[in-house]
Every structure is written in structure tokens, then in C-alpha cells.
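# Structural characterization, general
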Amino acid sequence: MIPEIGHFALVLALLVGIAQASVPLIGARRNDPRLMGVAESTALAQFGFVAAAFAALTACYVRSDFSVLTVFENSHSAMPLIYKFTSVWGNHEGSMLLWVLILTLFGALVAAFGRNMPESFKATVLAVQAWIAVAFYLFILLTSNPFLRLAPAPFEGRDLNPILQDLGLAVHPPMLYLGYVGLSITFSFAMAALIEGRINAAWARWVRPWTLAAWMCLTLGIAMGSYWAYYTLGWGGWWFWDPVENASLMPWLAATALLHSLVVMEKREALKVWSILLAILAFSLSLIGTFLVRSGVLTSVHAFASDPMRGVFILAILVLFIGGALALFAWRAPLLKQGGLFAPVSREGALVLNNLLLTTACATVFVGTLYPLALEALTGDKISVGAPFFNLTFAPLFIPLLVAVPFGPLLAWKRADLPGVTQRLLGAFVVALLGIAATLAIEGHPVLPALVVGLALFVMAGALIDIAERIGTFRVPLATMAARARGLPRSNWGTALAHFGLGVVLLGIVGETQWGAERIVSMKPSDRVTLRHYDFSFDGTVPRSGSNYRDLVSRFTVRRDGEVLGTMQPAKRTFLSRNSSTSQAALMARGFSQLYVSLGDVSPDGSIVVRIYHKPMVLMIWLGAVIMFAGGAFSLSDRRLRVGAPRPARSAAAMQPAE
Amino acid sequence: MTRKRRRLTLIGAAAVVLAIALGLVLFALRDTIVFFNSPSDVISNAVKPGTRLRLGGLVAPGSVVRDNDLDMHFQVTDGNHSIGVAYHGILPDLFREGQGVVAEGTLEPGGSFRADTVLAKHDEKYMPKEVADALKKQGHWKDEYGNPGATAGTAK
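On a predicted model such as this, the values are computed, not experimentally measured, just so you know.

## Section: the overall build of chain B
When its secondary structure is counted, chain B shows 5 helices and 7 strands. Here chain B, with 156 residues, has 33% of them falling under the buried criterion. For chain B, restricting intrachain contacts to residue pairs at least 6 apart in sequence, the fraction spanning at least 24 positions comes to 52%.

## What about the overall build of chain A?
Along its length, chain A carries 22 helices and 11 strands. Relative to the compact-globule value of 26 Å for 659 residues, chain A shows a C-alpha radius of gyration of 27 Å, a close match. Restricting to contacts in chain A with at least 6 residues of sequence separation, those with at least 24 account for 74%.

## So, the pairing of strand E5 (residues 82-88) of chain B
Residue and element names in this part refer to chain B. Where burial is concerned, the two faces of E5 differ: the one with Ile-83, Val-85 and Tyr-87 is buried and the one with Ser-82, Gly-84, Ala-86 and His-88 is not. With 7 bridges connecting them, strand E4 (residues 71-77) and E5 associate as antiparallel partners. Among the inter-strand pairings, His-73 is bridged to a residue of E5, identified as Ala-86. In sequence, E4 turns back onto E5 through a hairpin of 4 residues, with Gly-79 there showing a positive phi of about 100°.

## Observations concerning the nonpolar core
Of all hydrophobic cores here, the largest spans 185 residues; its most connected members are Val100(A), Phe136(A) and Ala254(A). Considering every element that reaches this core, the biggest residue donor is helix H8 (residues 201-232) of chain A, with 17 residues. Sequence-distant contacts of Val100(A), defined by excluding residues within four places in its chain, comprise Val50(A), Ala133(A), Phe136(A), Tyr137(A) and Ile140(A). Counting 38 residues, the second largest nonpolar core, distinct from the first, contains Ala586(A), Tyr613(A), Phe113(B) and Ala115(B).

## Some thoughts on helix H10 (residues 272-294) of chain A
With 23 residues, H10(A) should reach 33 Å at 1.5 Å per residue; the first-to-last C-alpha distance of 33 Å fits that figure. For H10(A), a buried count of 20 out of 23 residues is recorded, marking the element as mostly surrounded by other parts of the structure.

## What about the packing of helix H12 (residues 347-379) of chain A against helix H13 (residues 387-404) of chain A?
Residue and element names in this part refer to chain A. Their axes nearest at 10 Å, the elements H12 and H13 cross at an angle of 170°. Here H12 lies roughly antiparallel to H13, going by the angle between them. On H13, the residues touching Ala-350, Leu-353, Asn-354, Leu-357, Leu-358, Thr-360, Ala-361, Thr-364, Val-365 and Gly-368 of H12 are Phe-389, Phe-390, Thr-393, Phe-394, Leu-397, Phe-398, Pro-400, Leu-401 and Ala-404. Among the residues forming the contact of H12 with H13, the class breakdown is 14 nonpolar, 5 polar and no charged.

## What about the sheet that holds strand E11 (residues 608-615) of chain A?
Residues and elements named next belong to chain A. Read from one edge to the other, the open sheet built from 4 strands follows the order E2-E11-E10-E9, with strand pairing classed as antiparallel. The outermost strands of the open sheet, each flanked by one partner alone, are strand E2 (517-523) and strand E9 (586-590). Neighbouring strand axes in the sheet, compared pairwise and without regard to direction, differ in orientation by 15° on average. In this structure, E9 lies alongside strand E10 (residues 593-602), joined through 5 bridges in antiparallel fashion. Across the sheet, residue Ala-586 finds its bridge partner in E10, namely Val-597.

## Observations concerning the packing of helix H7 (residues 168-196) of chain A against helix H9 (residues 243-268) of chain A
Residues and elements named next belong to chain A. At a minimum axis distance of 11 Å, the contact between H7 and H9 shows a crossing angle of 50°. Taken as axis vectors, H7 and H9 run oblique relative to one another. At the point where H7 passes H9, the crossing takes the left-handed sense. Taken together, the residues of H9 that come into contact with H7 (itself represented by Leu-176, Tyr-180, Leu-183 and Thr-186) are Ser-248, Pro-251, Ala-255 and Leu-258. Broken down by class, the residue content of the contact of H7 with H9 amounts to 6 nonpolar, 2 polar and no charged.

## Describing the environment of Val128(A)
All names here are of chain A. Residue position: Val-128 is located in helix H6 (residues 119-143). In this structure Val-128 comes out as buried when scored by C-beta crowding, with 27 C-beta atoms within 10 Å. For the pair Val-128 and Gly-107, spaced 21 residues apart in sequence, the C-alpha separation works out to 9.8 Å. Once you skip the residues sitting within four places of it in the chain, Val-128 turns out to touch Ser-188, Met-191 and Ala-192.

## Some points on helix H19 (residues 490-515) of chain A
Along its 26 residues, H19(A) runs 37 Å from first to last C-alpha, staying within 8% of the 38 Å computed at 1.5 Å per residue. With 20 of 26 residues buried, H19(A) is to be regarded as a mostly interior element.

## Here's the deal with the confidence of the model for chain B
All names here are of chain B. Across chain B, pLDDT averages 74, with 74% of residues at or above 70. Mean pLDDT across the elements of chain B ranges from a minimum in helix H5 (residues 148-153), with 30, to a maximum in E5, with 88. Note on residues 143-156: pLDDT is under 50 here. Beyond four places in sequence and across chains, it has 11 contacts. Prediction confidence for the complex, expressed as pTM and ipTM, is 0.89 and 0.74 respectively.

## Quick look at the confidence of the model for chain A
Averaged over every residue, the pLDDT of chain A is 86; the share at 70 or more is 94%. Across residues 644-659 of chain A, where pLDDT falls below 50, the model places 14 contacts with residues more than four positions away in sequence or in other chains.

## Side note on the environment of Leu434(A)
Mapping Leu434(A) onto the fold places it in helix H16 (residues 426-443). Leu434(A) sits 20 residues away from Gly454(A) along the chain, and the two C-alpha atoms are 7.8 Å apart.

## Thoughts on unusual backbone geometry
Residues and elements named next belong to chain A. In this model, Ala-151 is joined to Pro-152 through a cis peptide bond whose omega is -5°. Along the chain, Pro-152 turns up in the loop between H6 and H7. Non-glycine residue Lys-414 carries a positive phi angle of around 70°. Mapped onto the fold, Lys-414 is located in the loop between helix H14 (407-410) and helix H15 (418-424). Positive phi is not limited to glycine here, since Arg-532 has a value of about 55°.

So, how was this worked out
- Residues numbered from 1 in each chain as written.
- Chains lettered and ligands numbered in written order.
- Predicted model: local features only at pLDDT ≥ 70, side-chain atom pairs only at ≥ 80, totals over all residues.
- Helix = DSSP H or I, 4+ residues; strand = E, 2+ residues; numbered from the N terminus.
- Buried ≥ 20, exposed ≤ 12 C-beta atoms within 10 Å, placed from the backbone.
- Contact = placed C-beta atoms within 7 Å.
- Rg over C-alpha atoms; globule rule 2.2 N^0.38 Å.
- Pairing = 2+ DSSP bridges.
- Core = buried A, V, L, I, M, F, W, Y, C linked by C-beta atoms within 7 Å.
- Expected span 1.5 Å × (residues − 1).
- Axes fitted to C-alpha atoms, helices over the stretch in contact; angles between N-to-C directions.
- Parallel < 35°, antiparallel > 145°, perpendicular 65-115°, else oblique.
- Nonpolar A, V, L, I, M, F, W, Y, C, P; charged D, E, K, R; others polar.
- Left-handed = near helix turned anticlockwise from the far one by under 90°.
- pLDDT = per-residue confidence, 0-100.

Structure representation (C-alpha cells):
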């Protein structure tokens, strides 16, 4: 019964979605408040139905109802309860259901909290949101129904893919989807703005919190995925430039650019057309990501199953939405008025530079990700574009961006004084130089990593100087400073935090890639290995059994200068139902650095191949992302974003010189 | 500055950044991409030694020889031809004889292949897509490769 209820709820959601996609739009045209009002209730109802469908599927998993095909294929009765929950989305069908759940969640949130918008605009936004939802309901119901039954029902399931039997699966996909799918709201806002022909600073203010929330989740989702890969794949890599990772990085870059261009739009009414385009592109990239991951054109752990029909269906959705949106953009965008003027050296100018570099970097990732697919379709040649390509194209574009980061917030709007700002950043330059000198003194050549350390410190110090300047450090008494710090808009704190986090990430990256050390050795019990200052002695192996797996745990005692720091227990985990194994790496944090031990093959003679890594500053990579998330949260809590009416801005026209 | 000049500055800056990016992309695409080949491709295309490529196929059953814990060699086959691969390092968890594998490395003068990376399937259900395609091309694709029931059922 339960799967049928879920299936039925999903069909109801489709019907409600069709109503929401059409009725409010007619209402907005006719200016009929009753028809427009439909949007709110249908958005909430859609969320209710999808949530019911999702709950039904979850119930099937938790009860190990193997008469449901997806449950049979991806679950096992002996699996720990937490993985019964997470395996709901550890497969294609369930993850698409999670996708629409989050899509309707955002729709419901706009319906419930988007009070400060004109009624017709809100109705249009929700209608566009429903178009997307309807397309994906059809996709799920026609090609990826998670509620299909099996008759007769098998006694036992096939178990979840061992790599996915990890806590990472509980957090990474929902977080990533919140970001990915959250960008649908910005898309709907952009489409509504084009349909209504209304776009101004207020639009930027409405759309900013949603973009920010999606960006925060995306940041954290990507970081979690990276950490998950780092500890499960067993060789300590945290970013692979894998197409699936790129699929999440591209929307992130576009959303980051959008966040910055919205600032200009809100404050100065400039970059309107560009912001609309970015909003469309950001979600388009999310859709492309969904296509890449879900269609089976790529092989990766994320591509759960491939069925040509699915690929074609998503491709059709993709073409329809991206093509339709861009066509609407081409038709309506020329109607939008020009915004305020600014000199190249100004806050606006800096934000334009930010956008330019971010979108170009995004474009290089796009080329690197899709070129192999295009080439194979055209010539049949199979190539792989890996890390060397991205290091060569992405990094040179990101470095000037990072150099510019500390300057941006210090520049004045309209026309800024670059020498003055450089002078204010003197402290950051000094910190950067000290960092470079210290790095060279400790690590010696080559010079490049030291320069990157300098750059990271420059970004971090720049963020601190931004705050220090705003609260008047060293110029006013302490009490005034504290008062100013309290009075400083949260969004300023948010900016500084996010930029600081960026510097932290860079520091982690350079530390891990430049000064990491590794040893791969074959060890027998009571063998010893030294890596850097650390001594690893292999104490032996013990078997341990879990609910649906058996572990072969190896114990290592870690010493530094003879003093015992603790034990590390990496394991080989064998899953009984699939007869396949995974490596469970052991991690030991030393400040921001980590020791990492993972196991390779066990020989018949009892020796075991061990990989030992020292990863300096590696934790900063993810810590930085968390700081960026916190920066976003601060900014999101800014009062201005919650207060409805924009402050009465001076008319843009009045400020423009007659030319 | 007039509106027109400002716009020109903006377009100029955008053009410069885009030109740099384009240059980087073209340069990188020439030097950093790696072609995928099946053993038959390597032989029929007479790939030059020293070329970096990805070699994909099945690990020939019974061909895995361990010289010691970290050095090993095995044959990669697509059914018609096979190439010997030498590898130093840890094999992925899902590396098995008779199953799909992608080895990245360089072709040596003697016609053997030195791999620095070995990728196996992500899980026991699926074969790397390139390998599946290469096998189909060589006419050695068997349905059970793609069929989870069959692979999971074989006693190992």
C-alpha cells in the first residue's frame, strides 16, 4: 500500500503543479487577485504531496520492503538504520525524488515568506517554479519511477553500493541539492522579471537572499563532497576535476558571480541585464549538471544507472528551459533601461572584474568538462581532460581574481581612489611579504608556492583590514570602535568572513599540494615506518564485524620523537552481500594538518600494503569553506534583506551627467 | 569619461580576459588531454612509444603477476589483442581479474605499457563506459557485463 500512496501523491503533485504553472499566470495577466492567489496554496500543496511521496519511499526503505524495485536494488535488511534512510537518495530514482522535494520546498518557502513582493510578480515566480517542477515530475513518473513493484518480492535486497555506505551520503547530496536546486528560485525570479518587464533595485533585493541561501548550501555541499572523497577513496585526493565535480563547481562560480553583480544592481541599478543573464545561466548550469550526472553520459560513482531514455528526457528538459529562457531574454532584455554610470576604478568596476573573471573561469571549466563529450560525438575519439588542463586554465584566471579581492570592498562606489586603497592595504602587503619570506626560509625553493602563501595571507589580511577600516581601528577610541562594530551591517561582516574563508581555502590548497608527503610500503606486524617526524608502528590486524560487513582493522601506533600520539585504525571493509570491499582510511588531526593511513592489498603472508600521508594544512580547505558558509549566513541575517521596501534611492536618472 | 568610452573600456577588458582564457584553453587542450585506446586501437593505430594514453579493457584472467607487494603486471585485453601493463602502487579496491579496468600511463618502446594510475569500476555493477564501448566495438561484449545479477552471482 505504502508505495502506491507515494506514487499517487506524486501524481497529485503533478496535477497541482500543472494548475500552478498556468492559473497564476493568467491571473497576473488579468490582474485577478483570486487567480494569482492560487499560486500560494498550490505551492504549499505541491510541497506537501512531494513530501508525502518522499516519506512513503523512506518508509519502504526503513521497513526493507523488497517488493519495491529500487529498495531491492539499493538496500539490505542488515544495513544500519541510518543507511536505510540515506539509501533513499543513494540511487537514481530516489535522488530525483529528493531533487523535486527540494524544488517544491523552495517554492513553498517563497509562497510562505515572500511577502514583500507585488502579488503579480510573486504569482509569476511561482508559476515558473511550477514549470520546472512539472517537467521533473513527468521525468520521474515516466522514466524513473521509484515506486515500481517487483513480483514476487525477493527475500533480501542487493545492498547499497559500498562506497555510499557512509555518513557522507547523509549530508552531501541533500546539501548539494539545496544549492543546485535552490538556484531554480533565482531562475524563476529572472524569468518573472522578464515576463513582467519589471526589473530594478528591488528585484535584486528580493532575489539576493535566495541566491545567497543556495550559494551557501552549494559551498558546503561541494566542500562536504570533497571531504567525503578525501577520506573514502583511500588516496587522500580532495578534488579530481571529475566532470561530476565540475558540474557542481560551475553553478557555484556562476552563483558567486551573481551574488556580486546583485550587489551592484541593488546599490546602483547597474548590470541589470547581466544579472538577469547570470541568474538564468546559474540554474542552466545546474540543469546541465543534472544532465551530466543523471543521463549516464558520464561514468562515475554518481551515475547510478544509465538508461538512454532518461538521458534524452533530461536533454529535452534542458533544451526547453535553457533555450526558452535565453530566447525570452533575447526578446525582453533590450527593454531594460541602462543603469548608473561608474568609472573603471570603482566598487562597481571591481565587481565587474570579479564577474568577468568568475564567468571566464566558469567557461574554461565548461569547455574542459564538455569538450570530451563533444569530441566523442563528432569524431568518436575518446579523450580525458584531467587536472593538468584545469590547473593550466583555471588557476591563471583565479589568481588575478584573488589579488583583486581585498581591493574590492575598500573601493568607493562610482569613482575610487586606487592609490589610497593600496595605501590602506599596506598592512596586508606587509603580512603577505612576511608570509613569503617565512615560507622561503622554512621550505626553501621553489618560489611559486611561497607566492601563493603570500596571496592567501593577503586575501585574509585584506578581509581583516576591511573590517578594521570600517570600525575605525587606531583612529577612534575603543568604545567607539565597539559601537561601530555593533552597528556595522551584518552583510559587511559577511563579506569579510567569506573573503577570509577564501584565503583560508587557498592556504589549505597550497599546503596540501606543495608540502604533503606520502609513503607506500608493504608492512608486516611490528614493522616501523617514518614519515616526516612521525613514526608509525604496525601492531597487527584484528577482525571486527558490523551488521552487513566485516572489517579487517589494522592498528598503527603513531609516535613523534618517541612520544605516543595515539593509534590509527584503518580497515579493509568487505560487504558480504556484494562481495566487494572498500578501504576505511584512518585520520589523525595535528592542528590543521592530518595524518592519513589507508590500506591496500593484504598478501597471503600477512603483510599489508599501507599508504601513509602527511597532509599539511589540509583541514583549512574545508574549514575555509565553512567560514565562507558562515559569511553567507551573516549576510543572510542582515536586516536589510528582510525589510521589504528598499530605502528610497535617489533616482538613477538624476545622478547621470548629461552627456 | 563618456558613457561610450566607459563601455569601450569594459568591452576591452572583457576581450582581453577572454582572449587570455581562450589562449590558455587552446594551449592546454593541445598538451594535457589524454586519448583513450583499447589494445586493438594501440596496435592498429601504431601508437608511438612515449605517448601518454588511457588503456582500457578487461584484466585478462590469470594474468596478474605480483613481483612484490607494490610492483605488478597484468594483461589488458579487449578480446582480440592484449597489452602487458606494469604498475607500481596500490590497486583500487574493485580491481579483479576478468573485469574492466582503465590504466593511464605511457607506452614503452617494447610495446608494453607502464601505468601510473589504474582505475577500476566504481562498483561491481558497472564497467567503465569507455571499456564497455571498446568491447562492443571488438564484438566481445557480453550482456552479463552490464547485468548486475550475473556479476554478483558469479562465485569468486
